[in-house]
Amino acid sequence: MSWLFGYKSQVPPQGGDGAPEPPGPPPSSAGAGQMAGDANLTKAERKAMEAYRFDSSALERAAEAARTLERSKHAREALELSKLQETTRQQEYLAKVKEYEAHIETSKVEQKRVDHEERRKTLAEETKQQQQRAQYQDQLARKRYEEQLAQQQRVQEDNLRKQEESVAKQEAMRRKTIEHEMELREKNKMKLLEAELRAKAKVDRENRDLTLEQIRLKAEENRITVMEGIKTAGSVLGQGATALLTDWNKVVTTVGGLSLLALGVYTAKGATGVTARYVEARIGKPSLVNETSRFSLLEALKHPIETVKRLKHKPTDALQGVVLQPKLEERLRDIAIATKNTKNNQGLYRNILMHGPPGTGKTMFAKRLATHSGMDYAIMTGGDVGPMGRDAVTAIHKVFDWANTSRRGLLLFIDEADAFLRKRSSEQISEDMRSALNAFLYRTGEQNPRFMLVLASNTPEQFDYAINDRLDEMVEFTLPGLEERERLVRLYFDKFVLQPAAEGKKRFKVEQWDYGTVCSKMAKMCEGMSGREISKLGVSWQAACYASEEGVLTEQMVLDRCEAAARQHRQKMAWLSEQEKLDHKSITGGKGFLTQ
């Protein structure tokens, strides 16, 4: 609306028909004089005067413009436009007011957020300080507790030291008392003995004459008795010798009798030794042999039922029920066939070394090899040789003499043979063990048609070179692989779990679950375990069932026992020394194992 009052008017006023009107009259002289007077004022005075100045010409122009606008045909439109402009300005002002209010609200929200953040930081700092305070208090409490423990320990140590000192003093006093008592007792004994000796000496001095007379009489009687005996014996022997020498037949008879007596004594002594060796070789067994399948009268009397079963037992396949790697199975089968044919053809047996970790079935295969070949077997342990000392050489000779008397042929199995067949260059071997080793080498220098030598060891590198020279075949028994372990787990699960449950034994039942899947899972859990450990796992399943309240074996019980066995195996392996770990052959690829 500034144009209405004449400020900054850019459009000249128009008439009723829209034509521009002439400009107004120029300013009056009074106004010019006033402006000239204002020029002499200062800037502050001019500003003060402008506040009270009234321009009448502006009102005149405004009135003229209002009259012109009223006469114009666009007056209504101009008024509406002015209203619209004023409304727009009011809306813009309201928008700015709302924007300002929104800004105020945003500031409030931001202030609240800042306040909340400050409170959160304050709480976090308080929490941190409380934690630090709690930690510090805990440290103080722990320190006080440790100091209390240390003080208690010092008190206990002091008490213990005092007790030990008191016990030591008491022991010293007791020892002194005992020594004093012994000294007094000894003095009393000496005094008593001196008194007795004095009394006896006094009595002897008083009875000296009587004693000498008694001694003289006894000596005279003994002399007379001896002289009479000598005279009697001389006369008897003289008469006998005279009678013997004068009669030639008596002389011959006497000489013949003495000769026969000497011959009888010598013959009886030799016959007794021969009979004893025969009885020991035929009826008994050597002391080094722990177990044998050879018939013995003493063993038959002790175990008659087992002896009858053994006599009725027929030869079976050496690899029946065996779980092992195909190449190892083929090699062992060739050895079994060759041994059986050697026995049938009365050839020379070959010596075999079986080596590998414990629990892989070396002893079991040796027994089955002897049974398959129709031979007797004898099992001895190398650890039994050392304690015999000097008698070890004689015991080894007795074993080989006993083996040579076998009619069916004997498989001599020496378990842990490295215990006495060590290298002779080693400083740890004693002279007795060296002599036993030399005796063993002497008896095994040549192959024999009577017995077959089978050695077993976990550390074959300790054998003497001469022992290795006497070996014709070496077979390594390794730990079972994944496939073999699964077959073993299934075999022992059937033997120790399913068969007893099917027989209907008391307090032995099995829940229904997927046995095959569980056995496969347990085979993976039993990595590194030997067949002997897996067989013990089967026994532990039975124990778990017997220990349960209802006598029912569940899947979880089986898995728990398997996990415990695997954990125990790992613990045993961790206990091994570095050298034992090198000796322990735990190869996992292509394994073989024997089972019962």
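Here the structure is shown first, and the text comes after it.
Let us look at the structure shown here.

Quick notes on the rules
Residues numbered from 1 in each chain as written. Predicted model: local features only at pLDDT ≥ 70, side-chain atom pairs only at ≥ 80, totals over all residues. Heavy atoms only, no water. Helix = DSSP H or I, 4+ residues; strand = E, 2+ residues; numbered from the N terminus. Buried < 20%, exposed > 50% of the residue type's maximum accessible area, 1.4 Å probe, protein only. Contact = heavy atoms within 4.5 Å. Areas by Shrake-Rupley, 256 points an atom, 1.4 Å probe, with all protein chains shown as cover. Core = buried A, V, L, I, M, F, W, Y, C linked by side-chain atoms within 4.5 Å. Phe/Tyr/Trp six-rings, centres within 6.5 Å; stacked < 30°, edge-to-face > 60°. Pairing = 2+ DSSP bridges. Axes fitted to C-alpha atoms, helices over the stretch in contact; angles between N-to-C directions. Patch = residues over 30% accessible without salt bridge, like charges linked within 9 Å, V, L, I, M, F, W, Y side chains within 5 Å. Salt bridge = Lys/Arg side-chain N within 4 Å of Asp/Glu carboxyl O. Disulfide = S-S within 2.5 Å.

### Topic: the overall build of the protein
On a plain count of helices and strands, the protein comes out with 18 helices and eight strands. Counting all 596 residues of the protein, 27% fall into the buried class. For the protein, the share of sequence-separated contacts (at least 6 apart) that also reach a separation of at least 24 residues comes to 79%. Carbon and sulfur atoms provide 56% of the accessible area of the protein, an area that totals close to 41,600 Å².

### Looking at the nonpolar core
Ile414, Leu421, Phe440 and Leu455 are the most contacted members of the largest nonpolar core, which has 32 residues in total. Breaking this core down by element, the ones donating at least two residues are β3 (376-381), α11 (392-404), β4 (410-415), α12 (431-443), β5 (451-457) and α13 (465-469). Counting residues per element, this core draws most heavily on α11, at seven residues. If we ignore the near neighbours within four places in the chain, the residues touching leucine 455 are Ile352, Leu353, Met354, Ile414, Ala417, Leu421, Phe440, Ile467 and Leu471. Counting 26 residues, the second largest nonpolar core, distinct from the first, contains Phe493, Phe508, Cys526 and Met529.

### What to know about the packing of aromatic side chains
A ring pair, where both rings are aromatic, is described by two values, the distance of the centres and the angle of the planes. This model, assessed by the stated rule, comprises 10 aromatic pairs. For the pair phenylalanine 420 and phenylalanine 440, a centre-to-centre distance of 5.8 Å together with 85° between the ring planes defines the contact as edge-to-face. In this pair, phenylalanine 420 sits in the loop between β4 and α12 while phenylalanine 440 sits in helix α12, placing the two residues 20 residues apart along the sequence. Judged by its relative accessible area of 1%, phenylalanine 420 is buried. When the ring of phenylalanine 508 is compared with that of tyrosine 546, the centres are 5.7 Å apart and the planes differ by 65°; the resulting orientation is edge-to-face.

### A closer look at the sheet that holds strand β6 (residues 473-476)
Pairing is mixed in the open sheet, where six strands are placed in the order β1-β3-β4-β5-β2-β6. Edge positions in the sheet fall to β1 (289-292) and β6, since each of these pairs with one other strand and no more. Here the average twist between neighbouring strands, direction ignored, is 20°. Direction of pairing for strand β2 (residues 352-355) relative to β5: parallel, over a ladder of four bridges. Residue methionine 354 lies in a different strand from β5, and its bridge partner there is alanine 456. Of the strands in this sheet, β2, β5 and β6 are in contact with helix α9 (residues 326-344), which crosses β6 at around 145°.

### Looking at a nonpolar patch on the surface
A cluster of nonpolar side chains, namely Met190, Leu193 and Leu197, defines an oily patch on the protein surface of about 270 Å² accessible area. Position of leucine 193 among the secondary structure elements: in helix α4 (residues 75-206).

### Side note on the state of the cysteines
For the structure shown, the criterion picks out zero disulfides. Unpaired in terms of disulfides, cysteine 526 finds its nearest cysteine sulfur in cysteine 562, a separation of 3.6 Å. Note on cysteine 526: relative accessible area 0%, which makes it buried.

### Describing the pattern of salt bridges
If you walk through the whole model with that rule in mind, you get 21 salt bridges. The partner of glutamate 194 in a salt bridge is arginine 198, and the shortest N-O contact between them spans 3.5 Å. Residue glutamate 194 and its partner arginine 198 are both found in helix α4; the two are separated by four residues, about one turn of the helix. Owing to a relative accessible area of 38%, glutamate 194 belongs among the partly exposed residues under this scheme. On the accessibility criterion, arginine 198 (55% relative accessible area) is exposed. When the shortest N-O distance is used, the salt bridge between arginine 223 and glutamate 220 registers 2.5 Å. With arginine 223 and glutamate 220 both in helix α5 (residues 208-246) and three residues apart, the pair spans about one turn of that helix. The class of arginine 223 is partly exposed, set by a relative accessible area of 47%. Judged by relative accessible area, which is 36%, glutamate 220 ranks as partly exposed. Linked through salt bridges whose partners overlap, the residues forming this network are Glu171, Arg174 and Arg175.

From the geometry alone we can't say anything about function, so treat these as descriptive.
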